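Notes for the structure review
Listed below are the residues making up each chain.
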Amino acid sequence: MGGPGSLRELRRLCHWGPLVALAVVIVCSATAIADAVLWYWPLDTAGGSVNFIMLLNWTVMILYNYFNAMFVGPGYVPLGWTPEKSQDCMYLQYCKVCQSYKAPRSHHCRKCNSNECVPGLNNDAFPLQVSFGWSSVKIDMSAAKRDPRTIIPFGLSAFAASLFALGLALGTTIAVGMLFIIQMKVILTNKTSIESWIEEKAKDRIQYYQTDETFIFPYDTGSKWKNFKQVFTWSGIPEGDGLDWPVREGCHRYSLTIEQLKQKADKRVRSVRYRAIEDYSGVCCPVTKGVKTFFTTPCTEEPRIALSKGDLILATRGLKHWMYGEKILNSAGDGGIRERGWFPRKCVEKCQYDSETDQPVDGEKKSR
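Residues numbered from 1 in each chain as written. Predicted model: local features only at pLDDT ≥ 70, side-chain atom pairs only at ≥ 80, totals over all residues. Heavy atoms only, no water.

The name given to the protein in an unreviewed UniProt entry is SH3 domain-containing protein, and the organism recorded there is Callipepla squamata.

Right, dumping it as structure tokens:
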């Protein structure tokens, strides 16, 4: 029976992205089916029947994998999760929103408001969507060649519709083909885009502090075939439970989370304290903050944070006219609750002194 969960699932479709994708599939599939009926009647020849069955099969597979990728989800860390061994907590990050530890390879999702596992449950559905393409608009002229007396009512409107569907299919093939390449790279290296970013930051951190340590990504087995088999299994369910993952020889079970903790500590050290000198409402494109600020707003789904004059912010990165940081909402020090997001650079000024110690604030620190 339907419930709040069902309504929540249904609302996922009520967004311009899924609606556009479904519209493209429907237009291309309907046009391809109409053309197949006109040009290659499936009941006349065995070839026509095979062509029509393959066309329907592609359409069903496209829709199945699309909805599977949308509704199955990547898997979620149980609320209040803690490792079996309490001493392992020192290797893990703690999510204040979910009130639980983050399992290895999991990340907090702002959209779902939960800790998501690395996308193991629906990762295999993404590359399989690439099946949508030229085969869905294939037109076979053999029937007309065999019987030159055949008259096909293919007028201007039908031709325009077919040409439009062909253009959509070609564009979709290119776009989904790029997604296919990206997803196959993720599967063959056993490394998500976020984990690739963490690995790059690890190299930067080691180079910046000139340490002798080396970071080896622990989940790449070293064999593309073994990585592939972890996702594509005969049972259709990827290997692992989303909480415990096999690691390559010589790596610690928590090598990745230990590196994340180091990067988090490094971010605190290298962050710069700013004070708000203007109010900012948190809108995406503020008209009152200047033309350059309006037109250079960051193209990202990351949130903006509203500022009031006097607010303190720890900035961790920035652009020419925008900055990203954490607003300190209370004075509890490192344990304080912070709200993260983008804000206009012109709304803040760099603090000359740390409000807690009255010592000069050093923007770039090389000592830990």
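1. Notes on the overall build of the protein
Note the following rule: Each helix is a run of DSSP H or I of at least 4 residues and each strand a run of E of at least 2, with the numbering of both proceeding from the N terminus. Only protein chains enter the accessibility calculation, which uses a 1.4 Å probe; a residue whose area is less than 20% of its type maximum is buried, one above 50% is exposed, and one in between is partly exposed. By the convention used here, residues are in contact when the closest approach between their heavy atoms is within 4.5 Å. Using a 1.4 Å probe, the Shrake-Rupley method yields the accessible areas, and only the shown protein chains count as cover for residues.
The helix and strand inventory of the protein stands at 9 helices and 9 strands. The burial tally for the protein puts 38% of its 368 residues in the buried class. Across the protein, every contact between residues at least 6 apart in sequence was considered, and the portion connecting residues at least 24 apart equals 67%. Of the roughly 22100 Å² that the protein leaves accessible, carbon and sulfur atoms contribute 61%.

2. Considerations on the nonpolar core
As a reminder, the rule being used: Take the buried Ala, Val, Leu, Ile, Met, Phe, Trp, Tyr and Cys residues and link them wherever side-chain atoms come within 4.5 Å; each set so joined is a nonpolar core.
Among the nonpolar cores identified, the biggest contains 15 residues, and Y274, Y280, L307, I313, M323, F343 and V348 are the most heavily contacted of them. Of all the secondary structure elements, the ones that give two or more residues to this core are β5 (272-276), β6 (312-318), β7 (322-328) and β8 (338-344). In terms of nonpolar packing, the next biggest core, distinct from the first, is built from 8 residues, I198, I206, F217 and L256 among them.

3. Notes on the UniProt feature "transmembrane region" (unreviewed entry) in the protein
Note the cut-off: UniProt positions are given in the numbering used here, feature names are shortened, and annotations may be inferred rather than shown by experiment.
Summarizing the sequence annotation, UniProt attributes the feature "transmembrane region" (unreviewed entry) to residues 20-41, 47-67 and 151-182 in the numbering used throughout. Helix makes up 91% of residues 20-41 and strand 0%, and the two end C-alpha atoms of the span are 30 Å apart. In the segment residues 47-67, helix accounts for 100% and strand for 0%; the C-alpha atoms at its two ends are 30 Å apart.

4. Examining the packing of helix α2 (residues 16-39) against helix α3 (residues 46-71)
What counts, and what does not: Throughout, an axis means a line fitted to C-alpha atoms (over the contacting stretch in the case of helices), and angles, computed between N-to-C directions, take values from 0 to 180 degrees. When an angle is under 35 degrees it counts as roughly parallel; over 145 it counts as roughly antiparallel; between 65 and 115 it counts as roughly perpendicular; any other value is oblique. Following the grouping adopted for this structure description, the nonpolar residues are Ala, Val, Leu, Ile, Met, Phe, Trp, Tyr, Cys and Pro, the charged ones are Asp, Glu, Lys and Arg, and the polar ones are all others, Gly among them.
Relative to each other, α2 and α3 sit at 175°, their axes nearing to 10 Å. What the angle tells us is that α2 and α3 run roughly antiparallel. Where α2 abuts α3, its residues G17, P18, A21, L22, V25, S29, A32, I33, A36 and V37 lie against N51, F52, L55, L56, T59, I62, L63, Y66, F67 and M70. A class-by-class count of the residues in the contact of α2 with α3 yields 16 nonpolar, 4 polar and no charged.

5. Examining a positive patch on the surface
Inclusion rule: Patch membership needs two things, relative accessible area over 30% and no salt bridge, and members are linked within 9 Å if like-charged or within 5 Å if nonpolar (Val, Leu, Ile, Met, Phe, Trp, Tyr). A side-chain nitrogen of Lys or Arg and a carboxyl oxygen of Asp or Glu constitute a salt bridge if their distance falls within 4 Å. Only four residue types enter the tally: Lys and Arg on the positive side, Asp and Glu on the negative side; His and the chain ends are excluded. Where a charge sits is defined by one atom per residue type, namely NZ (Lys), CZ (Arg), CG (Asp) or CD (Glu).
Where like charges cluster on the molecular surface, the positive patch consists of K96, R110, K201, K264, K267, R268 and R340. With 3 residues, the single largest contributor to the positive patch is helix α8 (residues 255-270). Counting through the fold element by element, R268 comes out in helix α8. When its relative accessible area of 44% is taken as the criterion, R268 is described as partly exposed.

6. With respect to unusual backbone geometry
A positive phi angle is found at N190, which is not glycine, with a value near 55°. As for its position among the elements, N190 is in the loop between α5 (156-189) and α6 (193-209). Given a relative accessible area of 11%, N190 falls into the buried group. Even without being a glycine, Q210 presents a positive backbone phi close to 55°.

7. Considerations on the pattern of salt bridges
Counting across every chain of the model gives 11 salt bridges. Across the pair E200 and K203 runs a salt bridge whose closest N-O atoms are separated by 3.9 Å. Highlighted residues: E200 and K203, both in helix α6, separated by 3 residues, approximately one helical turn. Residue class for K203 comes out partly exposed when judged on its relative accessible area of 47%. Note that R317 is salt-bridged to E302, the shortest N-O span being 2.8 Å. Within this pair, whereas R317 is found in strand β6, its partner E302 is found in the loop between α9 (291-295) and β6, the two being separated by 15 residues in sequence.

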